[in-house]
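# Architecture at a glance
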Amino acid sequence: MSFEEKSAWIMGVLAVGSYAAYLVIVLGQAAVIPLTSVPYAAPMLWTIGASIVISIVLHILIRMASPRNAGKDQRDREIYRFGEYVGQSFVIAGAVAALIMAMVSLDYFWIANVIYLGFVLSAVLGSITKVIAYRRGFQAW
Amino acid sequence: MKPTKVTNSIRALRFSREEMTQAQLADAIGVTRQTIIAIEQGRYSPSLEMAFQIARALDVSLDDVFHYPGNEGEAL
């Protein structure tokens, strides 16, 4: 497995894992206070921050484990661009949803969370696309 | 994604070139071994420039490495 394919796996799994941790924290507090009153900002920032730090550590570890495979070539770049292009649709969907929510004056809680969900889905879809491209094939022609 | 109709003879040509390994071919054209494996198995179509580099590394013409249905005189 190439370095970039491992990287795609890491990003996808971390996106799911960090979002799951965020949901557990926020929904756990929602048992005692209304959901929109739950302090979501700190758990959101902590889970995003932890995800970034874990991602950096894992990338360093896989680079150290097989330094020969750490290079990125034309195929890696094409698959990366394709994955980001596919994943970007969810960022746009999240932004449009947030725009509409702001227009109808929904609580900040929902606006922040729909944007976060858009980022997570974008990362997951992008990673799945990259892994499929590595496993099943990718034809630039 | 639509599979490519392009096939190739890289594997056979590597063996005819003193059993050149995938890693040696990868080093010769500056890509990873995984990319050579993907090209050999038809899971990745290289750019035209990379295709020429592969042909040059194997010391054959582009037509000897890559084939497209219709190459043998059939109408496309």
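### A few points about the overall build of chain B
Along chain B, the regular secondary structure elements total five helices and three strands. Listing every helix and strand of chain B by position from the N terminus yields β-α-α-α-β-α-α-β. Scored against the burial criterion, the 76 residues of chain B give a buried share of 42%. In chain B, the proportion of contacts linking residues at least 24 apart, taken out of those at least 6 apart, comes to 52%.

### Topic: the interface of chain B and chain A
Counting residues at the interface gives 20 residues for chain B and 19 residues for chain A. Interface area, chain B with chain A, both sides summed: about 1600 Å², of which 51% is carbon and sulfur. If you look at where chain B meets chain A, you find zero salt bridges. Listed by contribution, the elements that provide at least two residues to the side of chain B that touches chain A are helix 2 (22–29), helix 3 (33–40), strand 2 (44–45) and helix 4 (48–57) of chain B. Tallied by class, the residues present in the side of chain B that touches chain A amount to nine nonpolar, eight polar and three charged. Across two bridges, the pairing between strand 1 (residues 138–139) of chain A and strand 2 of chain B is parallel. Bridge pairing links F138(A) to Y44(B) in strand 2 of chain B.

### A word on the nonpolar core
I10(B), I54(B), L58(B), V65(B) and F66(B) are the most contacted members of the largest nonpolar core, which has 24 residues in total. Of all the secondary structure elements, the ones that give two or more residues to this core are helix 4 (108–136) of chain A together with helix 1 (10–16), helix 2, helix 3 and helix 4 of chain B. Among the elements that take part in this core, helix 4 of chain B stands out by supplying five residues, more than any other. The contacts of L58(B), once residues within four sequence positions are left out, are I10(B), L13(B), R14(B), R17(B), M20(B), L25(B) and V65(B). V26(A), V38(A), F109(A) and Y116(A) belong to the second largest nonpolar core, which has 12 residues in total.

### With respect to the packing of aromatic side chains
Residue and element names in this part refer to chain A. This structure, assessed with the given rule, holds five aromatic pairs over all chains. With centroids separated by 5.4 Å and ring planes inclined at 85°, the aromatic side chains of Y40 and F109 adopt a geometry described as edge-to-face. In this pair, Y40 is assigned in the loop between helix 1 (3–29) and helix 2 (41–65) and F109 in helix 4, connecting sequence segments 69 residues apart. Within the aromatic cluster, the residues linked to one another by ring pairs are Y19, Y22 and Y116. Above the face of the Y80 ring, K72 is positioned so that its terminal group lies 5.1 Å from the ring centre.

### Some remarks on a nonpolar patch on the surface
On the surface, I48(A), I52(A), V53(A), I54(A), I56(A), V57(A), L58(A), I60(A), L61(A) and M64(A) cluster together to form a nonpolar patch covering roughly 870 Å² of accessible area. Tracing the chain through its elements places L61(A) in helix 2.

### Thoughts on helix 2 of chain A
Residue and element names in this part refer to chain A. For helix 2, with 25 residues, the first-to-last C-alpha span of 36 Å sits near the 36 Å given by 1.5 Å per residue. Within helix 2, burial applies to P43, M44, T47, S51, S55, H59 and I62. Elements that come into contact with the buried residues of helix 2 comprise helix 1 and helix 4.

### Brief notes about the side chain of S127(A)
All names here are of chain A. Locating S127 in the fold gives a position in helix 4. Within the local environment of S127, its side chain forms a polar contact with the backbone oxygen of A123, the two atoms lying 2.9 Å apart. Residue contacts for S127: discarding those within four places in its chain leaves A8, M11 and G12.

### Some details on the UniProt feature "transmembrane region" (unreviewed entry) in chain A
UniProt's feature table lists "transmembrane region" (unreviewed entry) at residues 7–32, 44–62, 82–104 and 110–133 of chain A, given in the numbering used throughout. As annotated, residues 110–133 of chain A has a helix share of 100% and a strand share of 0%, and its two end C-alpha atoms lie 34 Å apart.

Reading the values: the criteria
Residues numbered from 1 in each chain as written. Chains lettered and ligands numbered in written order. Predicted model: local features only at pLDDT ≥ 70, side-chain atom pairs only at ≥ 80, totals over all residues. Heavy atoms only, no water. Helix = DSSP H or I, 4+ residues; strand = E, 2+ residues; numbered from the N terminus. Buried < 20%, exposed > 50% of the residue type's maximum accessible area, 1.4 Å probe, protein only. Contact = heavy atoms within 4.5 Å. Buried area = accessible area lost by both parts, 1.4 Å probe. Salt bridge = Lys/Arg side-chain N within 4 Å of Asp/Glu carboxyl O. Nonpolar A, V, L, I, M, F, W, Y, C, P; charged D, E, K, R; others polar. Pairing = 2+ DSSP bridges. Core = buried A, V, L, I, M, F, W, Y, C linked by side-chain atoms within 4.5 Å. Phe/Tyr/Trp six-rings, centres within 6.5 Å; stacked < 30°, edge-to-face > 60°. Lys NZ or Arg CZ within 6 Å of the ring centre and 35° of its normal. Patch = residues over 30% accessible without salt bridge, like charges linked within 9 Å, V, L, I, M, F, W, Y side chains within 5 Å. Areas by Shrake-Rupley, 256 points an atom, 1.4 Å probe, with all protein chains shown as cover. Expected span 1.5 Å × (residues − 1). Polar contact = N/O pair within 3.5 Å; in protein donor to acceptor, adjacent residues only side chain to side chain. UniProt positions renumbered as here; feature names shortened; annotations may be inferred.

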